[in-house]
Amino acid sequence: MRSRYTAYALQNISYLQATLDAAEAQCFDKPGTAAWARDSVWKGLEVVATTAGGPADREGSVEFIACYERNGKVHEHHEISRFRKTDGAWLYCGGKDVGPVQFQRASPKTGRNVPCPCGSGKKFKKCCGD
């Protein structure tokens, strides 16, 4: 994963193409990838987690966040990438974007028709819930 990030930063599109498995290579957009790499200022890579991918493994995954600036705006690309070892080389075989984490309440939501938790005796919707 780190080598692929470095290839983006150095605009080494041939390396990116060479490290794709056959299925990914079929839909590789070389001009689009080159433009993205060229028009971006690469700020850093954070590897969040890895699964398998050791010397004895045939498959593995890497969760990462790549930070880059494009058109004056900073972006973070958060993905879980899958890799497969083929003839001793690790090849990228797809990934899944990780979206923003959904907000979760620490306590249950107060219903509109229940007494207000402030102790006023009014319904929540007529007191603090407006």
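About the cut-offs
Residues numbered from 1 in each chain as written. Predicted model: local features only at pLDDT ≥ 70, side-chain atom pairs only at ≥ 80, totals over all residues. Heavy atoms only, no water. Salt bridge = Lys/Arg side-chain N within 4 Å of Asp/Glu carboxyl O. Helix = DSSP H or I, 4+ residues; strand = E, 2+ residues; numbered from the N terminus. Buried < 20%, exposed > 50% of the residue type's maximum accessible area, 1.4 Å probe, protein only. Arc of directions from axis to C-beta. 1 Å grid on protein atoms, 1.4 Å probe; cavity = no way out; pocket = protein on both sides within 12 Å on 5 of 7 lines; lining within 4 Å. Points joined across faces, edges and corners; volume = space filled by probe spheres on them. Nonpolar A, V, L, I, M, F, W, Y, C, P; charged D, E, K, R; others polar. Core = buried A, V, L, I, M, F, W, Y, C linked by side-chain atoms within 4.5 Å. Contact = heavy atoms within 4.5 Å.

### What about the pattern of salt bridges?
Logical step 1: Taken as a whole and judged by the stated rule, the model has five salt bridges.
Logical step 2: Taking the shortest distance from any N to any O, the salt bridge between Arg84 and Glu59 comes out at 3.4 Å. Here Glu59 lies in strand 2 (residues 59–70) and Arg84 lies in strand 3 (residues 73–86), a separation of 25 residues in the sequence.
Logical step 3: With a relative accessible area of 30%, Arg84 lands in the partly exposed category.
Logical step 4: Salt bridges here are not isolated pairs; linked through shared partners, they connect Asp21, Glu59 and Arg84.

### Overview of helix 1 (residues 2–9)
Logical step 1: Taken residue by residue, helix 1 has Arg4, Tyr5, Ala7 and Tyr8 as its buried positions. The buried residues of helix 1 all sit within an arc of 155 degrees when viewed along its axis, so they share a single face.
Logical step 2: At the C-terminal side of helix 1, Gln11 shows a positive phi close to 60 degrees.

### Notes on the layout of surface pockets
Logical step 1: The computed volume of the largest pocket comes to approximately 420 Å³.
Logical step 2: What lines the largest pocket is a set of 20 residues, among which Arg4, Tyr8, Trp36, Glu79 and Tyr92 lie closest to the centre.
Logical step 3: Top element by residues in the lining of the largest pocket is strand 3. It accounts for four residues.
Logical step 4: A breakdown of the residues in the lining of the largest pocket according to their chemical character gives twelve nonpolar, three polar and five charged.
Logical step 5: The volume enclosed by the second largest pocket comes to roughly 230 Å³.
Logical step 6: The set of elements that each furnish at least two residues to the lining of the second largest pocket consists of helix 1, strand 1 (40–52) and strand 2.
Logical step 7: The greatest single-element share of the lining of the second largest pocket, amounting to four residues, is contributed by strand 1.
Logical step 8: The class makeup of the residues in the lining of the second largest pocket is seven nonpolar, seven polar and two charged.

### Remarks on the nonpolar core
Logical step 1: Core analysis: the largest hydrophobic core is formed by 15 residues, its most contacted members being Tyr8, Ile13, Leu16, Phe28 and Trp42.
Logical step 2: With four residues, the single largest contributor to this core is strand 2.
Logical step 3: Leu16 has contacts with Arg4, Ala7, Tyr8, Phe28 and Thr33, leaving out every residue within four places of it along the chain.

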